Amino acid sequence: MKVTVNTLHKKARDGEKVVMLTCYDASFAQVMDEAGVDVLLVGDSLGTVLQGADSTLPVTLDEMVYHTRLVARGAKNALVLADLPFGSYQESREQAFASAARLMQAGAHMVKLEGGAYMAETTRFLVERGIPVCAHIGLTPQSVNTMGGYRVQGKTDEDAARLLDDAKALADAGASLVLMECMPAELARRVTETVSVPTIGIGAGLDVSGQVLVVYDMLGIYPGKKAKFVKDFMAGADSIAGAIKAYADAVRAKTFPAAEHIFS
Ligand SMILES: Nc1nc(=O)c2c([nH]1)NC[C@@H]1CN(c3ccc(C(=O)N[C@@H](CCC(=O)O)C(=O)O)cc3)CN21
Ligand SMILES: CC(C)C(=O)C(=O)O
Ligand SMILES: [Mg+2]
């Protein structure tokens, strides 16, 4: 069965976790689709894991269009979500629409953009014109240079209150999903119970509607040290398909993330 925005909302209502992984090509898309992964995120993390850059900032819209086309060819049932890359949407809502339209024409079913309440107007502009939007708050890697590094966000009461307001503003503007990266579990829980749309976490604890990881990370392919929120599902699996199935099972069984993967 094709996964749609409605499927994701129904899962969230029924308490069934949404399973998301990043995906950059057709072969992985086929494996993930067959393993029952609900959403394939064509992430701008491809800048770090495919291209070897030290951030997502160098990734271009042309590159995202290319990888979205590859993933869309391999995905039969999964929903294809594509990141708007740095510089392709922040200038104006018109710029955002033109960029998002290219991703949709390449086969995306939804686009993701990073930022807080200040992106609400852009979100509404896209949604009103037929482009579903996933909001991305918390640790927003495209802002690494202003955030002063890849750090957990929302640790002070003031930052937590702002992130809760951001989530509300973006959901009110019509976002179909709210993705939260590297936030204390308690704050992610509060956001999830406040907004009426499904939430997806990466380093945001268990009390969210679904989970996402970078596929290379969950297959144990990362240079340097493993981030706290990552689990290597290749350990103990006998194939890549098996590792991806183990991840999907663990997310649905709520055994991933475990305490050791969660920020407090
Ligand atoms: N392979 C890969 N995985 C990712 O999750 C990812 C990328 N690349 N590229 C883009 C961003 C960068 N991301 C990152 C990178 C590092 C940390 C990190 O080192 N986090 C620390 C926590 C720091 C703190 O305590 O504030 C950790 O221990 O996990 C987090 C997110 C997430 N995204
Ligand atoms: C880590 C996820 C949320 C992402 O935005 C990406 O892979 O680019
Ligand atoms: Mg991204």
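Residues numbered from 1 in each chain as written. Chains lettered and ligands numbered in written order. Predicted model: local features only at pLDDT ≥ 70, side-chain atom pairs only at ≥ 80, totals over all residues. Heavy atoms only, no water.

Per an unreviewed UniProt entry, the protein is named 3-methyl-2-oxobutanoate hydroxymethyltransferase, and its organism is Crenobacter cavernae. Under the UniProt heading Pathway (unreviewed entry), the entry covering the protein gives this text: "Cofactor biosynthesis; (R)-pantothenate biosynthesis; (R)-pantoate from 3-methyl-2-oxobutanoate: step 1/2." (UniProt positions renumbered as here; feature names shortened; annotations may be inferred.)

**What about the packing of helix H2 (residues 26-34) against helix H11 (residues 240-252)?**
Packing of H2 against H11 leaves a shortest axis separation of 9 Å and a crossing angle of 50°. For the element pair H2 / H11, the angle class is oblique. Relative to H11, the crossing made by H2 is right-handed. Residues Phe28, Val31 and Met32 of H2 form the contact with H11, whose participating residues are Ile240, Ala241 and Ile244. Across the contact of H2 with H11, the residue classes break down as six nonpolar, no polar and no charged. (Axes fitted to C-alpha atoms, helices over the stretch in contact; angles between N-to-C directions. Helix = DSSP H or I, 4+ residues; strand = E, 2+ residues; numbered from the N terminus. Parallel < 35°, antiparallel > 145°, perpendicular 65-115°, else oblique. Left-handed = near helix turned anticlockwise from the far one by under 90°. Contact = heavy atoms within 4.5 Å. Nonpolar A, V, L, I, M, F, W, Y, C, P; charged D, E, K, R; others polar.)

**A word on the sheet that holds strand S4 (residues 110-114)**
Strand order around the closed barrel formed by eight strands is S1-S2-S3-S4-S5-S6-S7-S8, with parallel pairing between neighbours. Strand-to-strand, the axes of this sheet are offset by a mean angle of 25°, without reference to chain direction. As judged from the four bridges shared by strand S6 (residues 177-181) and strand S7 (residues 199-202), these two strands associate in the parallel manner. Across the sheet, the residue bridging to Met180 is Gly201, located in S7. (Pairing = 2+ DSSP bridges.)

**So, the UniProt feature "binding site: Mg(2+)" (unreviewed entry) in the protein**
On the UniProt side, "binding site: Mg(2+)" (unreviewed entry) is annotated at positions that read Asp44, Asp83 and Glu114 here. The annotated residues occupy 71 residues of the chain but converge on a single region, no pair of C-alpha atoms lying more than 11.0 Å apart. The topology assignment puts Asp83 in strand S3 (residues 79-83). Once residues within four sequence positions are removed from consideration, Asp83 is found in contact with Leu41, Val42, Gly43, Asp44, Met64, Leu103 and Lys112. A polar contact is formed between the side chain of Asp83 and the backbone nitrogen of Asp44, at a distance of 2.8 Å. Within the element layout of this structure, Glu114 appears in strand S4. Since its relative accessible area comes to 5%, Glu114 is described here as buried. In contact with Glu114, not counting residues within four places along its chain, are Asp44, Tyr89, Met119, His136, Thr140, Pro141, Gln142 and Ser143. (Polar contact = N/O pair within 3.5 Å; in protein donor to acceptor, adjacent residues only side chain to side chain. Buried < 20%, exposed > 50% of the residue type's maximum accessible area, 1.4 Å probe, protein only.)

**Quick look at the site of ligand 1**
With respect to spatial proximity, 15 residues lie near ligand 1, and among them Thr48, Val152, Glu181, Asp217 and Lys228 are the closest. Thr48 places a side-chain nitrogen or oxygen 3.0 Å from a nitrogen atom of ligand 1. Take Asp217: an N or O atom from its side chain is 2.6 Å from a nitrogen atom of ligand 1. Coverage of ligand 1 by the protein amounts to 75% of the 670 Å² it exposes when considered alone. (Near = heavy atom within 4 Å. Areas by Shrake-Rupley, 256 points an atom, 1.4 Å probe, with all protein chains shown as cover.)

**Section: the packing of aromatic side chains**
Overall, the coordinates contain four aromatic pairs when judged by the stated rule. With centroids separated by 6.0 Å and ring planes inclined at 65°, the aromatic side chains of Tyr24 and Tyr216 adopt a geometry described as edge-to-face. Of this pair, Tyr24 sits in the loop between strand S1 (18-22) and H2 while Tyr216 sits in helix H10 (residues 215-218), and the two are 192 residues apart along the sequence. Given a relative accessible area of 3%, Tyr24 falls into the buried group. Among the aromatic residues, ring-to-ring pairing joins Phe233, Tyr247 and Phe256 into one connected group. Positioned above the aromatic ring of Phe125, the side-chain terminus of Arg129 is 3.6 Å from the ring centre. (Phe/Tyr/Trp six-rings, centres within 6.5 Å; stacked < 30°, edge-to-face > 60°. Lys NZ or Arg CZ within 6 Å of the ring centre and 35° of its normal.)

**Remarks on the coordination of the magnesium ion (ligand 3)**
Protein coordination of the magnesium ion (ligand 3) is provided by Asp44 (OD) and Asp83 (OD), with donor distances spanning 2.1 to 2.2 Å. Here Asp44 is found in the loop between strand S2 (39-42) and helix H3 (46-49), whereas its partner Asp83 is found in strand S3, with 39 residues between them in sequence. Exposure class is identical for Asp44 and Asp83. Each is buried. (Donors = N, O, S within 2.8 Å, 3.2 Å for Na, K, Ca; no water.)

**With respect to the UniProt feature "binding site: 3-methyl-2-oxobutanoate" (unreviewed entry) in the protein**
Under the feature "binding site: 3-methyl-2-oxobutanoate" (unreviewed entry), the UniProt entry names Asp44, Ser45, Asp83 and Lys112. A maximum C-alpha distance of 12.6 Å places the annotated residues, which cover 69 residues in sequence, within one compact spot. If you trace the backbone, Ser45 turns up in the loop between S2 and H3. Filtering out sequence-adjacent residues up to four positions away, Ser45 remains in contact with Thr22, Tyr24, Thr56 and Val214. Here Tyr24 takes part through its side chain, which lies 2.7 Å from a polar atom of the side chain of Ser45. For Asp83, a relative accessible area of 3% gives the class buried.

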